[in-house]
Amino acid sequence: MGRYVTKRLLSALAVLFFVTLITFLVLSVIPGDQAVLSLGLDATSESIEALRSSMGLDRPFYVRYLEWLFSAITFDFGTSAVYGESVTSLIASRIPVTFSLTLFSIAVATVISALLGLFAALSRGKGADGIIRTAVMITSSLPSFWISLLALIFFCGHLGWFPVNGYISPAEGFAGFLRSITLPSFILAVGELALMTRMFRSSLVRSLSEDYMMACEVKGLSRARALFHYAGRSAIIAPITLIGNQAAKLFGGTVIVETVFSLPGIGRLLLVAVEQRDTALLQGVVLFITFMVVLMNLLTDIAVAAADPMIRLGEEGGR
């Protein structure tokens, strides 16, 4: 297991390195001068050159990249030109919002998808199976911004069940926190239902058709015990991988929902960085999102290997 984790960890570090290099390179060659954006078009050429020199923009690319990389290793991403604050503190203050959204939405999507997938697998080939697959496909095809606006109007404006916008931290009141995070989380979960339900269904259908299920019936085991103790354990490998991948995707894909509900999360911070071309902030946010995606994928690989030893033994044997 140690060799497997070490191999995955080295791969994750390589991915992070190449992402930082590509991000820094792209932001260096795209049109627009950071000094001009900071001083405005009416600034004199002397003041622009002076600011470029103070920002280090007149130095070679590799020098600027290595300096930024070593600073990033110590969690120093520079200062945001828009907010005038440390990029690290800006990211840290918004982690709880996006983390809460991701955790709640993936939990809701997992529970609903598992139940729907189980019912569809047990009803394979029947009307209920087709209805479930069609329903989750339709709901997942709806644009998230459209669902967000409808939910905002109906549940927040008409019924008043949830706050119209803003985020309430758990320290300010757990009930208020749940009200502020529930509706956006459900909207994010809706977009994951189709893929996750299909995965749960196909895994369960495959497990239910295995010979050991017939052996369970011969031994007189109850249907529920055979289903959850044997079929469920065998069918959980593929869903674990998918859940981890979807959680990683959600962490960097909350821009629309955070914008509609005015939630101060990582996605909204990324949008501000792109709109204002805040290079330091954009580099820091992209690196942080990449780190979280790589970390979640790494944890998913470890979880899958722990659940199915044949996976890690196969990779270690193929060295």
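All figures in this text were calculated on a predicted structure; none of them were measured in a lab. (Residues numbered from 1 in each chain as written. Predicted model: local features only at pLDDT ≥ 70, side-chain atom pairs only at ≥ 80, totals over all residues. Heavy atoms only, no water.)

(A) Local environment of the nonpolar core. By size, the foremost hydrophobic cluster in this structure holds 53 residues, and its most contacted members are Trp68, Ile91, Leu183, Ile187, Phe261, Leu281 and Val285. At ten residues, the largest contribution of residues to this core is made by helix 15 (residues 279-307). Not counting chain neighbours up to four residues away, the residues in contact with Leu281 comprise Ser80, Tyr83, Val87, Leu90, Leu269 and Ala273. (Core = buried A, V, L, I, M, F, W, Y, C linked by side-chain atoms within 4.5 Å. Buried < 20%, exposed > 50% of the residue type's maximum accessible area, 1.4 Å probe, protein only. Helix = DSSP H or I, 4+ residues; strand = E, 2+ residues; numbered from the N terminus. Contact = heavy atoms within 4.5 Å.)

(B) Representation of the environment of Val285 within the structure. Within the secondary structure, Val285 is located in helix 15. The sequence separation of Val285 and Leu270 amounts to 15 residues, and the corresponding C-alpha distance is 6.3 Å. What Val285 contacts, discounting residues up to four positions off in sequence, is Ile91, Ile266, Leu269 and Leu270.

(C) The arrangement of empty space enclosed by the protein in detail. This structure, assessed with the given rule, holds one cavity of 30 Å³ or more. Reported here for the largest cavity is a volume of approximately 50 Å³. In terms of lining, the largest cavity is formed by Cys156, Phe162, Pro163, Asn165, Gly166, Arg179, Ser180, Leu183, Pro184, Phe261 and Leu263. Counting residues per element, the lining of the largest cavity draws most heavily on helix 8 (residues 174-190), which supplies four residues. Each residue belonging to the lining of the largest cavity can be placed in one class, and the counts come to seven nonpolar, three polar and one charged. (1 Å grid on protein atoms, 1.4 Å probe; cavity = no way out; pocket = protein on both sides within 12 Å on 5 of 7 lines; lining within 4 Å. Points joined across faces, edges and corners; volume = space filled by probe spheres on them. Nonpolar A, V, L, I, M, F, W, Y, C, P; charged D, E, K, R; others polar.)

(D) Looking closely at the packing of helix 5 (residues 87-122) against helix 14 (residues 266-275). At a minimum axis distance of 8 Å, the contact between helix 5 and helix 14 shows a crossing angle of 135 degrees. Viewed along their axes, helix 5 and helix 14 adopt a mutual orientation that is oblique. The residues of helix 14 that touch helix 5, namely those facing Leu90, Ile91, Arg94, Ile95 and Thr98, are Ile266, Gly267 and Leu269. Counted by class, the contact of helix 5 with helix 14 contains five nonpolar, two polar and one charged residues. (Axes fitted to C-alpha atoms, helices over the stretch in contact; angles between N-to-C directions. Parallel < 35°, antiparallel > 145°, perpendicular 65-115°, else oblique.)

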